[in-house]
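Close look at the chain arrangement
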Amino acid sequence: MYIYKVGVVGAGTMGAQIAEVVSYAGVPVMLADIQETLAKRGVESVRAIYQARVDKGKMTPEQLEEKMLLVTASPNLDGLNDVDLVIEAVSEDLTLKQRVFHDLDQVCARSTILASNTSALSISAIGAATKRPGKVVGLHFFNPAYAMPLVEVIPGLATDPQTVDDVISFAESLRKTPVVVKECAGFLVNRLLSPYLNEAVLCLQDDGAASVKEIDQDMVSFGMPLGPFTLLDALGLDIALEVARILHRSYGPRMAPAPLLEALVKAGRLGIKAGHGFYDYLSAEERGRDHSLEYLTQQVRQLTGQQSMRWTRSRPLLAMVNEAVTVLQEDVASARDIDLAMVGGTGFPNDKGGPLHFADQLGIDHVLQELEEFRQSLGVRFWPAPMLRRMVDAGFTGQIAGRGFFSY
Ligand SMILES: NC(=O)c1ccc[n+]([C@@H]2O[C@H](COP(=O)([O-])OP(=O)(O)OC[C@H]3O[C@@H](n4cnc5c(N)ncnc54)[C@H](O)[C@@H]3O)[C@@H](O)[C@H]2O)c1
């Protein structure tokens, strides 16, 4: 099915970015929100994204105006009655999304595909609010959508294979890299990123062997585009905690949020948007009376105890690798797609190829041994995924052996 026109519901941060990506590919897009003024504000946000390109000399003002002809605001949902695909990007709330999908189901033609940009909610549950669950699918863009190549495609239990094929072709026409992910909490990227970020916080909380800045610098020297604390501050600590809680509810103790993350959120240190998080972005006067990171860390340590271990980047990295292997075991995605998604969705260093290629480079026997050591010293969250032992026993020990997650 060819997509001639797209509707975007929810003209906030992601809605505007998605509308920009769609219009940039030459497809007309209509934005809708609760009120027309908000939809129009979304159109202006699209213009601002294009303007930044013009300012960098990557586009002419004439090209900007041409693209903007494709972007319109709808006074209400009814305006989306002639689109082939709707991408919903309203706030992350299941009841709200179900209501929006129920309404879209009434307004849109029977052939229209209804996609959700949800980060973590169940596509099956959203689809169940419509009479066309076969045409409901997850289409998860990453922030900023104009720069991040990855799009996760998540079929719900009732999604038709044709719908999946249609949105894959559409994502490719946007010059994105679509990766099909079996529905599970956190989908693929957030499910692997969250334990990595959480472990970085636990490293800081446990031993204090390295500072926020030192850990960030070390992960950047490994090749990550941003250190874990810079990334957490940019994402918003409240958002990161909410994701961690969703994962904890689904997967149990190995995903328990770090108490220090909870303490920072409780103290209002939510990251860049609040002026302070793991870093301080405002002067002491501007911030007013706040709890410092050091104070909160000491408070948490009094409750959890302090362990003294040297800082090692293996802790956060192997937390991610172990979850990648678990995801592979569960058939959530192929080894190739897991690596592709982590490079495209998080900037995992390209030269390391993604967490599974990285494990092959380290040696699967080495990964297993290190996870065992962490399990003994740090707890069962590091319980090695069973597939690792199977691979070691069978001689699939990675790049040096010529076979591991991939063949060499
Ligand atoms: N922000 C991110 O980094 C990011 C990344 C990937 C996915 N997501 C997901 O994208 C979705 C949107 O997130 P966001 O950060 O853009 O949120 P946002 O708060 O910036 O925007 C949400 C928009 O939805 C509108 N809205 C609320 N109820 C509505 C309704 N009933 N009808 C129409 N519009 C309505 C709001 O007015 C607002 O403009 C969420 O599901 C989120 O999980 C966010």
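Right, let's walk through the structure included here. (Residues numbered from 1 in each chain as written. Predicted model: local features only at pLDDT ≥ 70, side-chain atom pairs only at ≥ 80, totals over all residues. Heavy atoms only, no water.)

Summed over all chains, the structure comprises 23 salt bridges. Among the ionic pairs, Glu20 bridges to Arg53, the shortest N-O distance being 3.1 Å. Here Arg53 lies in helix H2 (residues 36-55) and Glu20 lies in helix H1 (residues 13-24), a separation of 33 residues in the sequence. Relative accessible area serves as the criterion here: at 1%, Glu20 is assigned to the buried category. Arg313 is paired through a salt bridge with Asp218; the nearest N and O atoms lie 3.0 Å apart. Taken together, the positions of Arg313 in the loop between helix H13 (293-304) and helix H14 (314-329) and Asp218 in helix H8 (residues 212-222) put the pair 95 residues apart, joining distant regions of the chain. Accessibility expressed as a relative area gives 28% for Arg313, which makes it partly exposed. Residues participating in the shared-partner salt-bridge network are Arg191, Arg254, Glu323 and Glu330. (Salt bridge = Lys/Arg side-chain N within 4 Å of Asp/Glu carboxyl O. Helix = DSSP H or I, 4+ residues; strand = E, 2+ residues; numbered from the N terminus. Buried < 20%, exposed > 50% of the residue type's maximum accessible area, 1.4 Å probe, protein only.)

Turning our eyes to something else, we now look at the site of the ligand. Taken together, the neighbourhood of the ligand is formed by 23 residues, with Met14, Asp33, Glu92, Lys97 and Ser119 sitting nearest. The contact in question runs from an oxygen atom of the ligand to an N or O atom on the side chain of Asp33, over 2.6 Å. For the ligand, an oxygen atom lies 3.3 Å from a polar atom in the backbone of Val90. For the ligand, whose free accessible area comes to 830 Å², the fraction covered by protein is 76%. Listed by contribution, the elements that provide at least two residues to the shell around the ligand are H1, H2, helix H4 (94-107) and strand E6 (136-141). In terms of residue count, the dominant contributor to the shell around the ligand is H4 (3 residues). The residue makeup of the shell around the ligand, split by class, is 10 nonpolar, 9 polar and 4 charged. (Near = heavy atom within 4 Å. Polar contact = N/O pair within 3.5 Å; in protein donor to acceptor, adjacent residues only side chain to side chain. Areas by Shrake-Rupley, 256 points an atom, 1.4 Å probe, with all protein chains shown as cover. Nonpolar A, V, L, I, M, F, W, Y, C, P; charged D, E, K, R; others polar.)

A few words on the sheet that holds strand E4 (residues 85-88). Strand order in the open sheet made by the 8 strands is E3-E2-E1-E4-E5-E6-E7-E8, with mixed pairing throughout. Two strands bound the open sheet, and with one partner strand each, they are strand E3 (71-73) and strand E8 (177-180). When the angles between neighbouring strand axes are averaged without regard to direction, this sheet yields 25°. Both strand E1 (residues 6-9) and strand E2 (residues 29-32) contribute to a ladder of 4 bridges, which runs parallel. Residue Gly7 lies in a different strand from E2, and its bridge partner there is Met30. With respect to the sheet, H1 is in contact with E1, E2, E3, E4 and E6, its orientation differing from that of E2 by roughly 170°. Of the strands in this sheet, E1, E4, strand E5 (113-116) and E6 touch H4, which is tilted by about 165° from E5. (Pairing = 2+ DSSP bridges. Axes fitted to C-alpha atoms, helices over the stretch in contact; angles between N-to-C directions. Contact = heavy atoms within 4.5 Å.)

On to the pairing of E8. Where strand E7 (residues 150-155) meets E8, 4 bridges bridge the pair, whose relative direction is parallel. Within E8, the position partnered with Val153 by the bridge is Val180. Crossover E7 to E8 through helix H6 (residues 161-173) is right-handed. (Right-handed = clockwise from strand over helix to strand, strands pointing away.)

A few words on unusual backbone geometry. Residue Pro144 is bonded to the preceding Asn143 through a cis peptide linkage, with omega at -5°. Here Pro144 shows up in the loop between E6 and E7. Positive phi, normally seen in glycine, also occurs at Arg175, with a value near 65°. As for its position among the elements, Arg175 is in the loop between H6 and E8. Residues other than glycine seldom take positive phi values, yet Asp331 does so here, at roughly 65°. Relative to the assigned elements, Asp331 resides in the loop between H14 and helix H15 (335-346). Judged by its relative accessible area of 56%, Asp331 falls in the exposed class.

For the rest of this paragraph, the subject is the packing of aromatic side chains. Applying the stated criterion across every chain, the model contains 7 aromatic pairs. Geometrically, the ring pair formed by Phe229 and Phe278 is tilted, given 4.7 Å between the ring centres and 50° between the ring planes. With Phe229 in helix H9 (residues 228-235) and Phe278 in the loop between helix H11 (259-266) and helix H12 (284-287), this pair connects stretches of sequence that are 49 residues apart. Side by side, Phe229 and Phe278 carry an identical accessibility label, which is buried. Through pairs of rings, three or more aromatic residues link up here, namely Phe222, Phe348 and Phe358. Sitting over the ring of Trp383, Arg375 keeps its end group 4.7 Å from the ring centre. Positioned above the aromatic ring of Phe396, the side-chain terminus of Arg403 is 4.3 Å from the ring centre. (Phe/Tyr/Trp six-rings, centres within 6.5 Å; stacked < 30°, edge-to-face > 60°. Lys NZ or Arg CZ within 6 Å of the ring centre and 35° of its normal.)

The subject of this paragraph is the packing of H11 against H13. Packing of H11 against H13 brings their axes to within 10 Å, and their N-to-C directions diverge by 135°. Classed by the angle they form, the pair H11 and H13 counts as oblique. Helix-helix and strand crossings are classified by hand; for H11 and H13 the assignment is right-handed. The residues of H13 that touch H11, namely those facing Pro259, Leu260, Ala263 and Leu264, are Leu293, Leu296, Thr297, Val300 and Thr304. A breakdown of the residues in the contact of H11 with H13 according to their chemical character gives 7 nonpolar, 2 polar and no charged. (Parallel < 35°, antiparallel > 145°, perpendicular 65-115°, else oblique. Left-handed = near helix turned anticlockwise from the far one by under 90°.)

Worth remembering: the numbers are spatial, not functional.
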